[in-house]
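Chain by chain, the residues run as shown.
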Amino acid sequence: MATFTKAILSGSTSGKGVLVVATATAGTLIHTAVAGASALDEIWLYAVNTSSSSVKLTIEFGGATAPADNIEVTVLPEAGLVTVVPGLLLNGALTVKAFAGTASVVTVHGFVNKIA
């Protein structure tokens, strides 16, 4: 029987959002998944853009090889929280990183359901 434990993103400080400062690969670290192949991290990410212009956000999910590892979304200005990763699974100590078209205007919030 699997157990689920909700946890903060490893790139977060005390559960706060992670400011995306990178504008190219390798991006700002958002989360490092659980090591090994049997446990899983179910990752939920939401982005908010505080600028007055649309900003392209690229999530490097598990690697930095484009386009296979990239999730791209244009985050509209001041649109509130926008879902960018809807519970995708990752393990093997792979990382989730992000970069944006403009530095320091997009913040990524979220959580992880650790499945063992």
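The structure presented is a predicted model; accordingly, all values stated were derived computationally and were not measured.

Caption draft 1: Highlighting unusual backbone geometry. Residue Ala-26 is bonded to the preceding Thr-25 through a cis peptide linkage, with omega at -10°. Mapped onto the elements, Ala-26 comes out in the loop between strand S2 (18-20) and strand S3 (28-32). In this model, Ala-66 is joined to Pro-67 through a cis peptide bond whose omega is 0°. With respect to the secondary-structure elements, Pro-67 resides in the loop between strand S5 (55-61) and strand S6 (70-75). With a phi close to 50°, Glu-78 is a non-glycine residue in the positive phi region. By secondary structure assignment, the location of Glu-78 is in the loop between S6 and strand S7 (82-90).

Caption draft 2: Structural view of the environment of Thr-5. Its location among the elements puts Thr-5 in strand S1 (residues 4-7). Remark: the alpha-carbon pair of Thr-5 and Glu-60, spanning 55 residues in sequence, is separated by 24 Å. When sequence neighbours within four positions are dropped, the list of residues in contact with Thr-5 reads Val-112, Asn-113 and Lys-114.

Caption draft 3: Examining the nonpolar core more closely. Formed by 23 residues in total, the largest nonpolar core has its most connected members in Ile-30, Ile-43, Leu-45, Leu-57, Ile-59, Val-96 and Val-106. If you list the elements that add at least two residues to this core, you get S2, strand S4 (40-49), S5, S7, strand S8 (95-100) and strand S9 (106-115). The element that contributes the greatest number of residues to this core is S5, accounting for four residues. Not counting chain neighbours up to four residues away, the residues in contact with Leu-57 comprise Val-20, Ala-47, Ile-71, Glu-72, Val-73, Val-75, Val-84, Ala-98, Phe-99, Ala-100, Val-106 and Val-108.

Caption draft 4: Quick look at the pattern of salt bridges. The full count for this structure, using the stated rule, is two salt bridges. With its nearest N and O atoms 3.1 Å apart, the salt bridge here joins Asp-41 to Lys-114. Pair noted here: Asp-41 is in strand S4 and Lys-114 is in strand S9, with a separation of 73 residues, a long-range link. On the accessibility criterion, Lys-114 (30% relative accessible area) is partly exposed. Note that Lys-56 and Glu-72 form a salt bridge whose closest N and O atoms lie 3.6 Å from each other. Here the residue Lys-56 occupies a position in strand S5, and Glu-72 occupies one in strand S6, the gap between them amounting to 16 residues. Residue class for Lys-56 comes out partly exposed when judged on its relative accessible area of 44%.

Caption draft 5: The arrangement of the environment of Thr-74 in detail. Assignment of secondary structure puts Thr-74 in strand S6. Each C-alpha atom of the pair Thr-74 and Gly-101 lies 9.4 Å from the other, and the pair is 27 residues apart in sequence.

How each quantity is defined
- Residues numbered from 1 in each chain as written.
- Predicted model: local features only at pLDDT ≥ 70, side-chain atom pairs only at ≥ 80, totals over all residues.
- Heavy atoms only, no water.
- Helix = DSSP H or I, 4+ residues; strand = E, 2+ residues; numbered from the N terminus.
- Contact = heavy atoms within 4.5 Å.
- Core = buried A, V, L, I, M, F, W, Y, C linked by side-chain atoms within 4.5 Å.
- Buried < 20%, exposed > 50% of the residue type's maximum accessible area, 1.4 Å probe, protein only.
- Salt bridge = Lys/Arg side-chain N within 4 Å of Asp/Glu carboxyl O.

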